[in-house]
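Working through the structure, step by step
Listed below are the residues making up each chain.
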Amino acid sequence: MTLLVVQALNGFQLGMLLFLIAAGLTLVFGVMNFVNLAHGVQYMLGAYLGVMFARIAGGFWSGLILASLAAGAFGLVLERLIFRHLYARSELDQVLATFGVIITLNEGVRLVWGSAPLELPMPDALSHSFQLMDGLRYPVYRVALAVTGLVVAGLLALVVNGTRAGMLIRAGASNQEMVSALGVDIGRLFRMVFGVGAMLAGFAGVLAAPLVSVEPNMGDNLLILAFVVIVIGGTGSIRGAFLAALIVGLVDTLGRSMITDFAHAVLSGPASSRVGPALASMLIYLVMAAVLAVRPAGLFPLRS
Amino acid sequence: MSQPSLRVPLALFAALALVPILRAAGVPIGGFVPLLLERVMVFALAAMSLDLILGVGGLISFGHAAPLAIGAYTVAALDHAGVTEAAIALPCALVASGIFAALTGAVALRTRGVNFIMITLAFAQMVYFAVSSLSDYGGDDGYTLYSRTTVFGRPWLEARSFYVTALVVLFLAWLLLRVITASRFGRALAAVRQNRVRVQALGLNAFAIELVAMVIAAMLCAVAGVLLANEAEFVSPAYGSWSHSGDLMVMVILGGIGSLHGAIIGALVVVLAEEGLGRLTSHWPLIYGPALVLAVLFLRRGLAGIGGSRG
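All of these numbers come straight from a predicted model, not from anything done at the bench. (Residues numbered from 1 in each chain as written. Chains lettered and ligands numbered in written order. Predicted model: local features only at pLDDT ≥ 70, side-chain atom pairs only at ≥ 80, totals over all residues. Heavy atoms only, no water.)

1. Quick notes on the overall build of chain A
- A count of helices and strands for chain A gives 11 helices and 2 strands.
- Along chain A, helices (α) and strands (β) appear in the sequence α-α-α-α-β-β-α-α-α-α-α-α-α when read from the amino end.
- Its C-alpha atoms give chain A a radius of gyration of 20 Å, within 12% of the compact-globule value 19 Å for 304 residues.
- For chain A, the spread of C-alpha atoms along the three principal axes comes to 65 × 50 × 35 Å.
- Residue pairs at least 24 apart in sequence account for 78% of intrachain contacts in chain A once pairs closer than 6 positions are excluded.
- Distance between charge centres in chain A, computed from 16 positive and 13 negative side chains, equals 7 Å. (Helix = DSSP H or I, 4+ residues; strand = E, 2+ residues; numbered from the N terminus. Rg over C-alpha atoms; globule rule 2.2 N^0.38 Å. Contact = heavy atoms within 4.5 Å. Lys, Arg positive; Asp, Glu negative; His and termini not counted. Charge placed at Lys NZ, Arg CZ, Asp CG, Glu CD.)

2. Here we look at the overall build of chain B
- Within chain B one finds 13 helices and 2 strands.
- A burial count over chain B gives 55% of its 311 residues as buried.
- Here the contacts in chain B between residues at least 6 apart in sequence split such that 79% fall between residues at least 24 apart.
- Here chain B has roughly 12,500 Å² of accessible surface; of this, 68% comes from carbon and sulfur atoms.
- In chain B, which carries 18 positive and 14 negative side-chain charges, the distance between the mean positions of the two groups comes to 19 Å. (Buried < 20%, exposed > 50% of the residue type's maximum accessible area, 1.4 Å probe, protein only. Areas by Shrake-Rupley, 256 points an atom, 1.4 Å probe, with all protein chains shown as cover.)

3. A few points about the confidence of the model for chain B
Residue and element names in this part refer to chain B.
- The share of residues in chain B with pLDDT of 70 or more is 95%, and the mean pLDDT across the chain is 90.
- Within chain B, helix α13 (residues 304-307) has the poorest average pLDDT of any element, 46, and helix α9 (residues 206-232) the best, 97.
- Predicted confidence for residues 304-311 stays below pLDDT 50, and this span has 16 contacts to residues more than four positions away or in other chains. (pLDDT = per-residue confidence, 0-100.)

4. So, the packing of helix α1 (residues 7-24) of chain B against helix α2 (residues 32-56) of chain B
Residues and elements named next belong to chain B.
- For the pair α1 and α2, interaxial distance at closest approach is 10 Å and the crossing angle is 140°. With respect to α2, the axis of α1 lies oblique. For the crossing formed where α1 meets α2, the hand is left-handed. Where α1 approaches α2, its residues L16, V19 and R23 are matched on the opposing element by P34, L37 and M41.
- Here the contact of α1 with α2 is built from residues that sort into 5 nonpolar, no polar and 1 charged. (Axes fitted to C-alpha atoms, helices over the stretch in contact; angles between N-to-C directions. Parallel < 35°, antiparallel > 145°, perpendicular 65-115°, else oblique. Left-handed = near helix turned anticlockwise from the far one by under 90°. Nonpolar A, V, L, I, M, F, W, Y, C, P; charged D, E, K, R; others polar.)

5. Focus: the interface of chain A and chain B
- Listed as interface residues are 44 residues of chain A and, on the opposing side, 43 residues of chain B.
- When chain A packs against chain B, close to 4,000 Å² is buried across both sides, 78% of that on carbon and sulfur atoms.
- Among the residues of chain A in contact with chain B, R89, L96 and F99 of chain A are the three that bury the most area, contributing 15% of the side total.
- Applying the counting criterion to the chain A and chain B interface returns 0 salt bridges.
- At the boundary of chain A with chain B, the tally comes to 5 residue pairs in polar contact (both at pLDDT 80 or more).
- Among the secondary structure elements, those contributing two or more residues to the side of chain A that touches chain B are α4 (91-113), α9 (218-233) and α11 (270-294) of chain A.
- Ranked by residue count, the leading element in the side of chain A that touches chain B is α4 of chain A, at 16 residues.
- Among the residues making up the side of chain A that touches chain B, the classes are represented as 30 nonpolar, 7 polar and 7 charged. (Buried area = accessible area lost by both parts, 1.4 Å probe. Salt bridge = Lys/Arg side-chain N within 4 Å of Asp/Glu carboxyl O. Polar contact = N/O pair within 3.5 Å; in protein donor to acceptor, adjacent residues only side chain to side chain.)

6. Considerations on the side chain of N106 of chain A
Residue and element names in this part refer to chain A.
- Tracing the backbone shows N106 in helix α4.
- For N106, the side chain forms a polar contact with the side chain of D220, separated by 3.4 Å.
- Once residues within four sequence positions are removed from consideration, N106 is found in contact with V41, M44, P216, N217 and D220.

7. Some details on the environment of A295 of chain B
- Within the element layout of this structure, A295 of chain B appears in helix α12 (residues 285-298).
- For the pair A295 of chain B and V114 of chain B, spaced 181 residues apart in sequence, the C-alpha to C-alpha distance is 22 Å.

8. Comments concerning the side chain of D93 of chain A
- Turning to its location among the elements, D93 of chain A is positioned in helix α4.
- If near-sequence neighbours (up to four positions away) are discounted, D93 of chain A is found in contact with L86 of chain A together with V296 of chain B.

9. Remarks on helix α11 (residues 262-280) of chain B
- An ideal rise of 1.5 Å per residue puts 27 Å on 19 residues; α11 of chain B measures up with 26 Å between its terminal C-alpha atoms.
- Within the span of α11 of chain B, buried status applies to G262, A263, I264, G266, A267, V270, V271 and L277 of chain B. (Expected span 1.5 Å × (residues − 1).)

10. What to know about the packing of helix α3 (residues 65-80) of chain B against helix α5 (residues 113-132) of chain B
All names here are of chain B.
- Interaxial distance between α3 and α5 falls to 9 Å at its minimum, and their mutual angle equals 30°. Classified by the interaxial angle, the pair formed by α3 and α5 is roughly parallel. As α3 runs across α5, the sense of the crossing is left-handed. Each of A66, A69, I70 and Y73 in α3 lies in contact with α5, whose residues at this interface are A124, V127 and V131.
- The residue makeup of the contact of α3 with α5, split by class, is 7 nonpolar, no polar and no charged.

11. Brief notes about the pattern of salt bridges
All names here are of chain B.
- One pass over the structure, following the stated rule, counts 8 salt bridges over all chains.
- Here E210 and R112 are joined by a salt bridge, their closest N and O atoms 3.3 Å apart. Placement of the pair is E210 in helix α9 and R112 in the loop between α4 (86-108) and α5, with a sequence separation of 98 residues.
- Note that R148 is salt-bridged to E233, the shortest N-O span being 2.8 Å. Taken as a pair, R148 in the loop between β1 (143-144) and α6 (159-182) and E233 in the loop between α9 and β2 (234-235) lie far apart in primary sequence, 85 residues in all.
- With a relative accessible area of 9%, R148 lands in the buried category.
- A cluster of three or more residues bridged by salt bridges with shared partners is formed by R112, R196 and E210.

12. Notes on the pairing of strand β2 (residues 136-139) of chain A
Residues and elements named next belong to chain A.
- Side-chain alternation along β2 places L136 and Y138 on a buried face and R137 and P139 on a face that remains uncovered.
- Bridge count between strand β1 (residues 129-133) and β2: 4 bridges; the pairing is antiparallel. Bridge pairing links S129 to P139 in β2.
- Once β1 ends, the chain turns through 2 residues before running back antiparallel as β2, passing G135 with a positive phi of about 70°. (Pairing = 2+ DSSP bridges.)

13. Concerning unusual backbone geometry
Residue and element names in this part refer to chain B.
- Even without being a glycine, F152 presents a positive backbone phi close to 50°.
- Within the secondary structure, F152 sits in the loop between β1 and α6.
- Owing to a relative accessible area of 62%, F152 belongs among the exposed residues under this scheme.
- For E233, which is not glycine, the phi dihedral falls at a positive 55°.

This is how it looks when you write it as structure tokens:
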């Protein structure tokens, strides 16, 4: 039982992390119709910048703020130099060019910071753990991370649903040409969405850094998980991304602990210990397939 | 669509055939060059199979490393069980990759555009994680084969004969793909790329056409996986990694999308670039990556013009 609670909390927290990455990505897909594979490196870059700024500025918090801003600025530079020229191009061109950006940046951080994993210490105020229930202590930092994800989700929902900029984002997602025909500077809207998305991914990278090792390619796997989130949630939908991120986080974390027991119960002998891990790692993709079989456009499609 | 000129592809195969011909004539060609070309041919086969769906069918699959890994891991699994005969391994690899492509393709083809790209990528990642967790076959570390696969008991995949075998397989695959693209089915596949609605209005089932193409492409790619496992005598989850999928796409585009033989040029360029730059500096991705970005931004037709294919 305690194990189940811990796994559920961990799953929730993974879900919030995924949401921070997927939120920017889904808006970029939805509003700009732009396939940005390089979103995962923003997460990686955020983590590295977090380590760097925390050392220079002396502390996690200043590292968090400076790194998020720097990651957002870096995203805008990439947009200006490369991505802007790809909006009108085919999806294939977008995939190839952003694939090139990933290769470059993964190697770039290796050149600058080396291949060895770096560590970012937790902030002192959050580095302890608390008594969750009998015989179970849970780290405060993980709770803080999950709460942060919730707060950001709430803020994004407010912005997207309640402000003029949000209205334009939604309008841009459903009919880009019409929005620009009405006199809205769609290029500025793109840049804004892109910058915020890059900043959120960088922010997620700094938040995750104390829990994982900061190393090159750390964004690749999360990028693909974020894709799964977007596919399940429906491209362009913040609400869909939130729900799907929770599903993916919980299914992945709980699945890994439960499916091995399940395999032991169904299969006997050594086969179960072999099948279990393989099946667990496939679980979220099977969930994705199941959702797509019923709803090809995801749970909350923007365009029907 | 007229069949592209045969001159370039035949010249390519003739050039590749030079190594065994010169060897037969007594010229000692050893070491590095044949080994490199063996790798080129294996990846050319994988890229050529991708060209069927990417170039002819217009389906942007970012998961073509998955059937490559499935083919390679079929060899590893059978090797682990003491079976090293291609007459068993090859059909197993074909069936496994065919079923995988049919199941995942049926899901992915329900969507278009960005979602198709993301879903094929996700399913390939599923294969990557699945084979990474197979502790019997070395998990993350990969699996070293006890012995290379025999073909009806003959040592055609041993180091001495591998080059010729790979060349023959690549040539047969090219012929097969040419026949397929020229056939009624191939024309229908190209038509779906050009105008899906019109094809369906003609009473053809666009979904079925694309799904069959994905299955054929995956099975051919699994053959490349069987070859790759033998060439390296080693199988690793990295074969199924998403950067491999990306590399296969780059090969297809560089060589000229839809031209089939362009995959050989693309594989040659990418393998040589990785080897050459890798010798120059361990940070070679810092050259490869920006080169790729610049090529997409400025060489809008890729090396396709040089390849003599349609743009």
